[in-house]
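A structural walkthrough
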2 protein chains.
Amino acid sequence: MKTLHDTWQQVNLRFEALLKELYLDHGEPQALLFEAMNYSLLAGGKRLRPFLTYSFCQAVGADAARADSAALAIEMIHTYSLIHDDLPCMDNDDYRRGKLTNHKVYGEGIAALAGDGLLTDAFRVLTSGSLDAAKACACVRVLSQNAGPWGMVGGQVLDILSESRTCTRQEVLDVQSRKTGGLIRAACQMGVICAGGSDEMLRAAGTYADHLGLAFQIRDDILDQTGDAALLGKAVGVDEGKNTFVRLYGLEACEAMVLEQTELAINALAAFRTQEVLTELARNMAVRNH
Amino acid sequence: MKTLHDTWQQVNLRFEALLKELYLDHGEPQALLFEAMNYSLLAGGKRLRPFLTYSFCQAVGADAARADSAALAIEMIHTYSLIHDDLPCMDNDDYRRGKLTNHKVYGEGIAALAGDGLLTDAFRVLTSGSLDAAKACACVRVLSQNAGPWGMVGGQVLDILSESRTCTRQEVLDVQSRKTGGLIRAACQMGVICAGGSDEMLRAAGTYADHLGLAFQIRDDILDQTGDAALLGKAVGVDEGKNTFVRLYGLEACEAMVLEQTELAINALAAFRTQEVLTELARNMAVRNH
């Protein structure tokens, strides 16, 4: 059996090539927009969300290529959210993954438009690939529901509102399930839709996503307290004073929660034909951060 | 025959009620986001784009209600573009239609997210109404193509790039056809799609839109030079030094161009069952501004 790492690397090789083809410069007058979108889109990252989309497509029993449009769309939405998040009016970050943020290179106006462009174009990509209309439509619905006012954007507003006060456990869970959980849910469920999976599988993918997303966020909060900045490749201790799971539950309880959520995620996989990759991915989440 | 004004007013009454139903506060924690989205969405305006969508749906021979999702979606995209346009990193406007701009009331972070929320949610609305999957999918494709990097967002980048220099006629036309033309084209074509119109009608709606959009923009440029601020309800002379059609062609030639474009728009209506409202709308464009 191939290890998770090898499978992921192989999927990513193909995916990175697809990403590069999206905004080639054919001499368009708006080439600068393409450049700014590519700057963030092609800045690397582990491509967790597209990998989930591909893996769920395969877990249903279909060829991964069936999920290409959905994998591209979820990464485009993820990338737009990072560009807008980094803007001075939001988190005001100068660096991301060791590179200058989009607006530090292209200016705030172009960066805002690069985000708008990626967000809008994700829906063109979903409906212009090889998916039939019913599947494309279902993907648009799942993606917009989880990325929009009831999903990620709603979560970001809750996050802004919670900054200046101490939140309850329910509130912290609510921010997490929308802000980071939304796109993970959409990624998993779109994979099932692209493969033509059953409604039961669609629900199971949602359950897996909810537990994986929660494990992911708690692990992130733990690493901010205990991680090694050099090994993680990012600053630690930045959550000091924030409404994190570690602050609410303490380190020990958080470690137990990660394990519990991981097992709950794995249990949801019973509905699928193949489960190895997604099981390994969840277990991996229990020990390190992605 | 009912006048254009009466028809428009009647359509708008129903449309405003639909808009109000989108973001009701059912005690959601993200109610502030709904409030910010509603602030701009329900701020009035002539609703030209939804009216075009409804009118083309009826021109094909279908009931206007068939185009409800598309009419809502185009107005949501138009509204998001105004919110983001007004941000300090873009045009930095404090007032729009006599009201404080979104970020002056809710702050830049919430305003940016209100825009992102409306943009994302337009695609949920399109795919969650009564349109069948094929029509919903076609609408998503037309809207994202005309609003995204190849459409409105691309046009806004071109506009930013052209600010500091004198543009050629082709460049000014290119900015216009993307920046304001994109959404007008999507509005007209989605109406035909919702009604199940033919490919010929779809092309004709695009042709009407292109000529109407150009007439609309040239009329806007003329009014900035010759209009009465009190009658128009907005400041005039703000285009001084900008790359306008008036600067490139002069006032007299612009008046002739508006008439010419209006006639070309009307000619494109031959493909449709009923043409009265859309004809009147185009002629109206030749004498006043919307």
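Here we summarise the structure given alongside this text. (Residues numbered from 1 in each chain as written. Chains lettered and ligands numbered in written order. Predicted model: local features only at pLDDT ≥ 70, side-chain atom pairs only at ≥ 80, totals over all residues. Heavy atoms only, no water.)

**Considerations on the overall build of chain A**
Here is the rule: Per the convention used, a helix needs a DSSP run of H or I reaching at least four residues, while a strand needs a run of E reaching at least two, with both numbered from the N terminus. For the radius of gyration, the atom set is restricted to C-alpha positions; the globular benchmark scales as 2.2 Å times the number of residues to the power 0.38. Here, residues are in contact when the closest pair of their heavy atoms is within 4.5 Å.
When helices and strands are counted, chain A shows 15 helices and 2 strands. In terms of overall size, chain A behaves like a compact globule, its C-alpha atoms giving a radius of gyration of 18 Å where 290 residues would be expected to give roughly 19 Å. With respect to the three principal axes, the spread of C-alpha positions in chain A is 55 × 45 × 35 Å. By sequence separation, contacts in chain A at least 24 residues apart represent 71% of the contacts at least 6 residues apart.

**Considering the relation of the copies chain A and chain B**
Selection rule: C-alpha atoms of residues with pLDDT of at least 70 in both copies form the basis for the least-squares superposition of the copies.
Here chain A sits on chain B after a turn of 180 degrees about the axis and a move of 0.0 Å along it, with an RMSD of 0.0 Å. Taken together, the rotation angle and the small translation identify this as a two-fold axis. Both copies present the same face, since 100% of the interface residues in chain A are matched by interface residues at the equivalent positions in chain B.

**Considerations on the packing of aromatic side chains**
Which entries qualify depends on this criterion: Classification of ring pairs rests on two measures: the distance between centres of Phe, Tyr or Trp rings, Trp counted by its six-membered ring, which must be within 6.5 Å, and the angle between planes, read as stacked under 30 degrees, edge-to-face over 60 and tilted in between. Lysine and arginine charges are scored as sitting over a ring when NZ or CZ, respectively, is within 6 Å of the ring centre and within 35 degrees of the ring normal.
One pass over the full model with this rule turns up 19 aromatic pairs over all chains. Residues F56 of chain A and Y208 of chain A carry aromatic rings whose centres are separated by 5.2 Å and whose planes lie at 75 degrees to one another, so their mutual orientation is edge-to-face. Residue F56 of chain A is located in helix α3 (residues 48-60), and its partner Y208 of chain A is located in helix α11 (residues 199-226); the two are separated by 152 residues in the primary sequence. Three or more aromatic residues joined by ring pairs make a cluster, and in this case those are Y23 and F34 of chain A together with W150 of chain B. Its guanidinium or amino end placed over the ring of Y39 of chain A, K99 of chain A lies 3.9 Å from that ring's centre, counting from NZ or CZ.

**Here's the deal with unusual backbone geometry**
Put simply, the rule is: Partly exposed residues are those whose accessible area sits between 20% and 50% of the maximum for their type, while under 20% is buried and over 50% is exposed, using a 1.4 Å probe and protein chains only.
Despite not being glycine, N92 of chain A has its phi angle at roughly 55 degrees, a positive value. Tracing the chain through its elements places N92 of chain A in the loop between α4 (68-86) and β1 (95-96). Judged by its relative accessible area of 43%, N92 of chain A is partly exposed. You will see that R97 of chain B, though not glycine, has its phi angle at about 50 degrees, which is positive. With respect to the element layout, R97 of chain B can be found in the loop between β1 (95-96) and β2 (99-100).

**A closer look at the packing of helix α3 (residues 48-60) of chain B against helix α15 (residues 276-287) of chain B**
All names here are of chain B. Rules: Angular values range over 0 to 180 degrees, each being the angle between N-to-C directions of two axes fitted as lines to C-alpha atoms, with helices fitted over their stretch in contact. The nonpolar class holds Ala, Val, Leu, Ile, Met, Phe, Trp, Tyr, Cys and Pro. Asp, Glu, Lys and Arg form the charged class, and all remaining residues, Gly among them, are polar.
Put simply, α3 and α15 touch, their axes get as near as 9 Å, and they point 145 degrees apart. For the pair α3 and α15, the contacting residues are L48, F51, L52, S55, F56 and A59 in the first and V277, L278 and L281 in the second. Within the contact of α3 with α15, the residues separate by chemical class into 8 nonpolar, 1 polar and no charged.

**Some points on the environment of A186 of chain A**
All names here are of chain A. As for its placement among the helices and strands, A186 is situated in helix α10 (residues 181-195). The buried category is assigned to A186, whose relative accessible area is 0%. Between the C-alpha atoms of A186 and L214, which are 28 residues apart in sequence, the distance is 15 Å. Those residues in contact with A186 that lie beyond four places of it in its chain are I74, V142, L143 and N146.

**Re the interface of chain A and chain B**
As a reminder of what qualifies: Two parts placed together each lose some accessible area under a 1.4 Å probe, and the buried area is that loss summed for both. A pair is scored as a salt bridge if a Lys or Arg side-chain nitrogen falls within 4 Å of a carboxyl oxygen belonging to Asp or Glu. Definition of a polar contact: a pair of N or O atoms within 3.5 Å, with one able to donate and the other able to accept a hydrogen when the atoms are protein atoms, and with sequence-neighbouring residues admitted only if both atoms are side-chain atoms.
Across the boundary between the two partners, chain A contributes 48 residues, which contact 48 residues of chain B. Both sides of the chain A and chain B interface together cover about 4,000 Å² of buried area, and 76% of this is carbon and sulfur. Applying the counting criterion to the chain A and chain B interface returns 0 salt bridges. Our enumeration of links across chain A and chain B arrives at 10 residue pairs in polar contact (both at pLDDT 80 or more). Elements with a contribution of two residues or more to the side of chain A that touches chain B: α2 (31-41), α4, α6 (108-128), α7 (133-147), α8 (152-162) and α9 (169-179) of chain A. In terms of residue count, α6 of chain A provides more of the side of chain A that touches chain B than any other element does, 14 residues in total. A class-by-class count of the residues in the side of chain A that touches chain B yields 28 nonpolar, 12 polar and 8 charged.

**Examining the pattern of salt bridges**
Applying the stated criterion to the full structure yields 26 salt bridges over all chains. For E16 of chain A, the salt bridge goes to R47 of chain A, with nearest N and O atoms at 2.6 Å. Here E16 of chain A, found in helix α1 (residues 4-22), pairs with R47 of chain A, found in the loop between α2 and α3; they are 31 residues apart in sequence, far enough to count as distant. When the shortest N-O distance is used, the salt bridge between R178 of chain B and D174 of chain B registers 3.4 Å. Pair noted here: R178 of chain B and D174 of chain B are both in helix α9 (residues 169-179), with a separation of 4 residues, about one helical turn. Taken together, the shared-partner salt bridges in this structure form one network comprising E16, R47 and E75 of chain A.

**Notes on α10 of chain A**
All names here are of chain A. Condition: What a helix is expected to span follows from its residue count: subtract one and scale by 1.5 Å.
End to end, α10 covers 22 Å across 15 residues, agreeing with the expected 21 Å (1.5 Å per residue, within 8%). With respect to burial, α10 is a largely interior element, 15 of its 15 residues being buried. At the C-terminal side of α10, G196 shows a positive phi close to 75 degrees.

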